[in-house]
Each structure stands twice: as C-alpha cells, then as structure tokens.
Amino acid sequence: MRLKIPQFLLALVIVGGLMLGGCSGQQSASNNASPSSNATSAATEASTKTTTEASSVSQNTNSESIPGMKDLPRLEGKATVVMTVKGSPITIEVDGTNAPITAGNFVDLVQRGVYDGLSFHRVVRQPQPFVAQGGDPKSKDPKTPAQLLGTGGFVDPKTGTERSIPLEIKPKGAQQPVYSKTITETPVLTHKLGAVAMARSQQPDSASSQFYFALADLAFLDGNYAVFGNVTQGMDVVNKIQQGDRIDSAKVTQGTENLKNGGK
C-alpha cells in the first residue's frame with residue numbers, strides 16, 4: 001500500500017533532507033544563498049498566519065531609508081534575458097515592474113557577463129522537484145572545492161566589496177514592494193513552476209548573484225524569497241539541468257533601456 005503524505009509534510013521532508021545533506025558551505029556563510037536554509041520556518045509560518053503578522057505588511061519599509069538603495073541597479077519595466085545552458089536557450093521574462101531592485105540587479109549582472117561560465121551547483125529533484133540553483137561566481141573555477149560552492153556573491157569592482165540587495169516582495173494590491181522583511185500576504189510574483197528567484201541566507205538582505213529556477217509550484221516559499229521573473233520558453237531545458245552543468249552565456253535581448261544605474 002502506498003503511503004500518502006500531505007503536501008505540507010512532504011515540503012518539510014524535502015527541506016529537512018536539504019538542511020542535513022545539502023552543500024555544507026551553505027548553512028554557515030553569512031552570504032550563502034539557499035532557499036532551503038529558511039524553508040522549514042517559511043513553511044511553518046505559512047501554516048500559522050495570524051492577523052497581527054498580516055497587518056505588518058502595511059508597515060512598508062521605506063526604500064529610501066535603506067543604505068545604498070539609491071545606488072543599486074533598478075529595472076523600470078520589463079526585460080528579456082536568454083540564458084543558454086549546454087547549447088539550449090532558456091528565455092526569462094524579468095519583471096522590474098513588481099521587483100525593480102531585484103530585477104535590476106539580475107539584468108545588470110547579465111550585462112556584465114557575470115553568469116557566463118558559472119555552474120548550477122545545487123539541483124534538487126528528489127523526493128520531489130524543488131530548485132536548480134546557480135550564480136555563485138566561485139563556481140567559475142572548476143578547482144573550487146565543492147563545500148565552498150553556494151557561499152559566494154558578486155564583488156563590485158568599483159567598491160571591492162560584495163554587492164547585496166534588500167529582500168524585495170510586493171504583496172498583491174500594494175502600490176510598492178515591502179523591503180528587508182518577509183511577508184505573510186500573497187505576493188504578486190509567486191513561486192509557480194518556472195519562477196526565477198534570488199537565493200539568500202537567513203539574513204533578509206543577503207541576496208547577491210545566486211538565483212534559482214523553481215522546478216515545481218513552491219507556494220511555501222512565497223513571501224520569504226524574492227521572485228523577479230519567470231521562464232517563458234525553454235522550461236524543458238531547465239528540467240534537464242544537472243548539478244555541475246554550466247551557463248554558456250546569458251544575454252539581455254530586450255529591455256536594456258529600462259535598466260538604470262547599471263555598470264560595465
């Protein structure tokens with residue numbers, strides 16, 4: 001007889017397995033980026049929402065009060081990125097309308113060529129499809145020890161320091177995104193199959209360059225990680241990504257004029 005496990009419990013099983021058996025470097029580094037590091041608490045919070053928590057969404061953090069916010073890349077509108085993996089294209093619609101800072105950061109890094117040659121250091125499909133995660137600059141060097149993959153971010157050549165961006169999630173019905181904290185309301189951009197989101201550590205404002213593709217509908221991550229786009233073509237390519245596969249190239253094919261504060 002086949003045991004039927006409720007979806008919520010299955011999510012906890014997946015997360016628990018990742019926390020115990022995932023890339024060891026990801027849980028200790030301050031800027032390690034992994035949607036599993038907080039997913040257990042995210043799933044728990046999703047199942048125990050309260051009126052008090054929900055009301056906190058209205059107390060939106062003013063983006064102008066976040067240090068360095070005005071200097072970060074910003075996407076005012078949408079853009080299209082074509083990422084090629086093992087010779088096959090993946091088309092991503094990047095949504096700067098609902099996630100301007102997160103989308104702007106990604107488009108800026110694409111234009112800089114940061115993702116070219118990087119690997120997908122973490123791909124989880126068992127016991128059910130979860131994520132394909134890449135974007136760690138350390139993965140460009142094939143000699144980088146496996147335990148260090150998932151701990152790196154983009155170092156801005158102008159400052160010599162790692163760029164991090166604030167957690168940015170826009171609730172449905174809101175005029176502006178909420179910054180630097182998780183939310184309990186349903187976001188405009190959700191973790192549907194093919195969603196593209198930023199990975200981060202337990203610190204909300206720790207995302208840098210690492211991103212992940214959602215390999216299934218992952219509603220228990222909604223409100224806890226910043227989705228900034230979705231795959232519009234090439235999901236079959238995403239579904240074939242294996243751990244260690246490299247990004248041949250990533251190019252902005254539309255919407256470059258919408259990027260502000262981008263660098264070279």
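Criteria and thresholds
Residues numbered from 1 in each chain as written. Predicted model: local features only at pLDDT ≥ 70, side-chain atom pairs only at ≥ 80, totals over all residues. Heavy atoms only, no water. Helix = DSSP H or I, 4+ residues; strand = E, 2+ residues; numbered from the N terminus. Buried < 20%, exposed > 50% of the residue type's maximum accessible area, 1.4 Å probe, protein only. 1 Å grid on protein atoms, 1.4 Å probe; cavity = no way out; pocket = protein on both sides within 12 Å on 5 of 7 lines; lining within 4 Å. Points joined across faces, edges and corners; volume = space filled by probe spheres on them. Nonpolar A, V, L, I, M, F, W, Y, C, P; charged D, E, K, R; others polar. Expected span 1.5 Å × (residues − 1). Pairing = 2+ DSSP bridges. pLDDT = per-residue confidence, 0-100. Contact = heavy atoms within 4.5 Å. Core = buried A, V, L, I, M, F, W, Y, C linked by side-chain atoms within 4.5 Å.

Engineer: Help me out: how do you make sense of unusual backbone geometry in this one?
Structural biologist: Trans peptide bonds make up most of the peptide bonds, and negative phi angles are found at most residues other than glycine. The linkage connecting Gln-126 with the following residue, Pro-127, adopts the cis geometry, with an omega of 5°. Of note, Pro-127 is situated in the loop between strand E4 (120-123) and strand E5 (131-134). Positioned with a positive phi, Lys-86 is a non-glycine residue whose angle comes to about 50°. By the secondary structure assignment, Lys-86 is in the loop between strand E2 (78-85) and strand E3 (88-95). Classification of Lys-86 by relative accessible area gives exposed; the value is 60%. Although it is not a glycine, Ser-180 sits at a positive phi angle of roughly 70°.

Engineer: Looking at this model, I keep getting lost on the layout of surface pockets. Mind explaining?
Structural biologist: Left-over empty space is what a probe sized like a water molecule reveals as it rolls over the atoms. The volume enclosed by the largest pocket comes to roughly 280 Å³. As for the largest pocket, its lining consists of 16 residues, and the residues nearest its centre are Asp-71, Leu-72, Asp-156, Thr-159 and Arg-163. Classifying every residue of the lining of the largest pocket by side-chain character gives 2 nonpolar, 7 polar and 7 charged.

Engineer: Would you mind showing me how to read helix H4 (residues 100-112) here?
Structural biologist: Residue pairs three or four apart in sequence face the same way in an α-helix, which turns once every 3.6 residues. With 13 residues, H4 extends 18 Å between its outermost C-alpha atoms, agreeing within 8% with the 18 Å of an ideal straight helix rising 1.5 Å per residue. Most of H4 is tucked away, with 11 of its 13 residues classed as buried. Positive phi shows up at Gly-113, right after H4, with a value of about 80°.

Engineer: What is the right way to read the pairing of strand E9 (residues 211-214) from this model?
Structural biologist: Side-chain direction in a regular strand flips from residue to residue, so the side chains alternate between the two faces of the sheet. Here E9 shows no split at all, with Phe-211 and Phe-213 on one side and Tyr-212 and Ala-214 on the other all buried. Where E5 meets E9, 4 bridges bridge the pair, whose relative direction is antiparallel. Looking at the pairing, Gly-134 lines up with Phe-211 of E9. Bridge count between strand E8 (residues 195-198) and E9: 3 bridges; the pairing is antiparallel. When the bridges of E9 are listed, Ala-197 appears paired with Tyr-212.

Engineer: Explain the confidence of the model for the protein to me, please; I cannot follow it from the model alone.
Structural biologist: Close reading of the predicted structure is inappropriate where its pLDDT is low. Residues of the protein with pLDDT of at least 70 account for 75%, and the chain-wide mean is 83. Counting contacts from residues 13-31, a segment whose pLDDT is below 50, to residues more than four positions away or on other chains yields 41 contacts.

Engineer: Honestly, the nonpolar core in this entry has me stumped. Any pointers?
Structural biologist: One broad rule of soluble globular proteins: the nonpolar side chains tend to lie buried together. In terms of nonpolar packing, the biggest core is built from 43 residues, with Met-83, Val-94, Phe-106, Phe-120, Phe-211 and Phe-213 touching the most fellow members. Counting residues in hydrophobic clusters, the runner-up holds 14 residues, among them Ala-195, Ala-197, Tyr-212 and Leu-221.

Engineer: So what exactly am I meant to see when it comes to empty space enclosed by the protein here?
Structural biologist: Tallying each qualifying case throughout the model produces 2 cavities of 30 Å³ or more. Counted as a void, the largest cavity has a volume near 60 Å³. Around the largest cavity, the lining residues are Asn-98, Ala-99, Glu-168, Ile-169, Lys-170, Pro-187, Leu-189, Tyr-225, Ala-226 and Val-227. Residue composition of the lining of the largest cavity, by class: 7 nonpolar, 1 polar and 2 charged. Taken as a whole, the second largest cavity encloses approximately 40 Å³ of empty space. Thr-102, Ile-165, Pro-166, Leu-167, Glu-168, Met-198, Arg-200, Pro-204, Ala-207 and Ala-226 together form the lining of the second largest cavity. Of the residues assigned to the lining of the second largest cavity, the class counts are 7 nonpolar, 1 polar and 2 charged.

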